[in-house]
Amino acid sequence: MEGETDIEKAAAGGGQAEVLSPTEILMLFYAENYSQDQQFFEGFWYYDYQLQDPYPTLQMLWEQGYLQLGDLTGTLQRETAANLRQLLRRQGLPTSGNKQVLVQRLLDSVGPQALQQLFPHRRFCLTEKGRQIVAQNPGIYYAHTHPNCGVDICTAHQLCAGPQNHLTALYAQLEKKARQQLEQQDWAAYRTTRFGMSQIAQDQDDQRRALRLLAEVLYCDLYQLGADAAAISRAKLPTGTLRALRAVQRALELSDRQLHEALTEEFSSLLSPRHELPDETCADIVLDALGAAVKV
């Protein structure tokens, strides 16, 4: 990514310590999915991080001591249960049990030597050095797996470098961004940022705050659709937002009527953007979109 180097070297205590880039740190989160002869990688390495061939990054992390090759047991444990059962079935062995049982059955019944031939290439696993880097950088993985939160992995790396909880740091950054967008009355960008904040609130198990944020997101969506209730009711609210709202409703154990009341209350407290539809009508439209007919 822009402004990022493959590896920066920093002097530390008379020696040199490797300083990994955010992309290299992200690779550590995925490394245990890859083997020493890995040829195919997920598309995001190229499309999001401009790594046409991710393997050299993987190899560098191996050479620098962040990764090591796992043993036979570790390789088997990384296989899917379906693949392990298929192998057991071919050997005429029982296929019942969880993955740990399946692995042990293969080791006991097929034997290491035969399994070595079936699985000649070892998967990578993190060393203690690699595990420390992963433990220190949860914000990078979170930003990558939550693109709607509106923070890229480079920004997340900078924000979450200190002792502060990574979700708290990311939320504070988004809150700052939302204030600027509110001042500019950039409602499209504002709703996207607030949606990212609602995701973080859910992950922090602050469902009430998530509900307030999602109400604001939906209010912005309704505002952009106009003031004609009939036309809005035929339009589609974003599926991702509705799914998030349903998840919060379930977490809070709200009935549809209670959700309607909560949304109406939240809509009435919003000062902007204001539109002509009554707050209860806005809540009706949202509940209809969720597939729940609410009579008030």
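Criteria and thresholds
- Residues numbered from 1 in each chain as written.
- Predicted model: local features only at pLDDT ≥ 70, side-chain atom pairs only at ≥ 80, totals over all residues.
- Heavy atoms only, no water.
- Helix = DSSP H or I, 4+ residues; strand = E, 2+ residues; numbered from the N terminus.
- Polar contact = N/O pair within 3.5 Å; in protein donor to acceptor, adjacent residues only side chain to side chain.
- Salt bridge = Lys/Arg side-chain N within 4 Å of Asp/Glu carboxyl O.
- Buried < 20%, exposed > 50% of the residue type's maximum accessible area, 1.4 Å probe, protein only.
- pLDDT = per-residue confidence, 0-100.
- Contact = heavy atoms within 4.5 Å.

A.B. asks: I would appreciate a short explanation of the environment of Thr-193 in the present structure.
C.D. replies: Note that Thr-193 resides in helix H12 (residues 187-203). Sequence spacing of Thr-193 and Val-217 is 24 residues, and the spatial spacing of their C-alpha atoms is 8.9 Å. Among the polar contacts listed, one links the side chain of Thr-193 to the side chain of Gln-181, at a separation of 2.8 Å.

A.B. asks: Would you mind going over the pattern of salt bridges with me for this structure?
C.D. replies: Pairing is possible between side chains that carry opposite charge, provided their charged atoms lie close to one another. This structure, assessed with the given rule, holds six salt bridges. Among the salt bridges present, the one from Asp-221 reaches Arg-191, with a minimum N-O distance of 2.9 Å. Taken together, the positions of Asp-221 in helix H13 (residues 207-225) and Arg-191 in helix H12 put the pair 30 residues apart, joining distant regions of the chain. For Asp-221, a relative accessible area of 8% gives the class buried. The partner of Glu-216 in a salt bridge is Arg-194, and the shortest N-O contact between them spans 3.0 Å. On the criterion of sequence distance, the pair formed by Glu-216 in helix H13 and Arg-194 in helix H12 is long-range, its members being 22 residues apart. Judged on exposure class, the residue Glu-216 and its partner Arg-194 are both buried.

A.B. asks: Explain the confidence of the model for the protein here, please?
C.D. replies: Residues shown with low pLDDT carry predicted positions that ought not to be read at fine detail. When the pLDDT values of the protein are averaged, the result is 86; 89% of them are 70 or greater. Taking the mean pLDDT of every element in the protein, the minimum, 34, falls on strand E1 (residues 7-12) and the maximum, 97, on helix H1 (residues 22-30). pLDDT under 50 marks residues 292-296. Its contacts with residues more than four places away, or in other chains, come to 13 contacts.

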